[in-house]
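Structural overview
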Amino acid sequence: MKNRLNKIFKNDGKTFILAMDHGSGLNVLPELAEPEKIIDVAIHNGVDAIICTYGIYKRFSKYFENIPAIIRADGGASAIGKGNSKTLGVIDVEDVVKLGGDGIVCMCFPGADYEQESIESLQHFVTDGDKWGIPICAEVLPKGWDNSNWTPDNLTFVSRVGAEMGADYIKTQYTGDKESFAKLTSSVFAPVIILGGPGNGTPEALLTSIKESLESGGAGVAIGRSIWKHSNPAAYCRAIASIIHNNATVEEAMEILNDGK
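This report concerns the structure included in the present document. Everything quoted here is computed from the prediction, not taken from an experiment.

1. A closer look at the pattern of salt bridges
Enumeration over the complete set of coordinates arrives at 11 salt bridges. Measuring nitrogen to oxygen at the nearest pair gives 3.3 Å for the salt bridge that ties Glu139 to Lys171. Residue Glu139 is found in strand S7 (residues 136-140), and its partner Lys171 is found in strand S8 (residues 169-172); the two are separated by 32 residues along the sequence. Residues Glu139 and Lys171 agree in their burial class; the two are buried. Of the charged contacts in the structure, one is a salt bridge between Glu164 and Arg160, with a shortest N-O distance of 2.7 Å. Here Glu164 and its partner Arg160 are both found in helix H6 (residues 152-164), 4 residues apart, which amounts to about one turn of the helix. Several salt bridges share partner residues, and in doing so they unite Asp21, Arg72, Asp74, Glu139 and Lys171 into one network.

Here you go:
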């Protein structure tokens, strides 16, 4: 377990994870038509680990020899479905071990209509992860995908729930300001990383939220669409990595992004 966590989190205790697990439920075309190209960008531009689906890892496993893979282990709903957002386990920890993955990420929606099932699903992954030495990232959001419920207090509460269930680290939404996020990280006894959202904000706004989260006790990021939908994913990765591991300012990171080399 510790060895796998040390592959994901570097010596400074921080991590930069590229998320590319969206294709099991969302339309990722044309940006992720060729996943191997984005994986290659990640490997050479400062990304520490990649979140991906079982299918991407299975098909492109040779590309993961030099970067840890965190496998999305739940799902069950798609963008062309009937609006059912229930997200529960679809593969087992043992499946990930046999595949050669370095971790698992799964959702947890405290307060949702299927709250009990969601929490039980997370607990199942955590206990099995402990058996197999696989670290579990709990992506916890209050009541589900409706962000009107994502208040700082709710985000703090559900992040603590994820830690109480035994998740090795927590992925959640940035609360929007340093004071409230510092309250969140100080209330949760597991490392907290922030997600990137739907990828339709400005790069400066995202880089600012990353910087503020780190200054408020955050342990890094897991970002996908903002990066691989950008016209220059490689430069975006370098800009984010500079903030996470080199303590760059937002202005310095924007220079890296705009330079684009």
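Continuing now.
2. Remarks on the nonpolar core
If you look at the biggest cluster of nonpolar residues, it comprises 76 residues, and the most contacted ones within it are Met20, Ile50, Phe64, Ile210 and Ile240. Take this core: its biggest share by element is 9 residues, from helix H10 (residues 233-246). Apart from the residues lying within four places of it in its own chain, the contact partners of Ile50 are Ile17, Leu18, Met20, Ile39, Ala42, Phe64, Ile67, Pro68, Ala69 and Ile70. Grouped together as the second largest cluster of nonpolar side chains are 14 residues, Phe9, Ala19, Val105 and Ile193 included.

Rules used throughout
Residues numbered from 1 in each chain as written. Predicted model: local features only at pLDDT ≥ 70, side-chain atom pairs only at ≥ 80, totals over all residues. Heavy atoms only, no water. Salt bridge = Lys/Arg side-chain N within 4 Å of Asp/Glu carboxyl O. Helix = DSSP H or I, 4+ residues; strand = E, 2+ residues; numbered from the N terminus. Buried < 20%, exposed > 50% of the residue type's maximum accessible area, 1.4 Å probe, protein only. Core = buried A, V, L, I, M, F, W, Y, C linked by side-chain atoms within 4.5 Å. Contact = heavy atoms within 4.5 Å.

In short, the description is geometric, and any link to function would need to be established separately.
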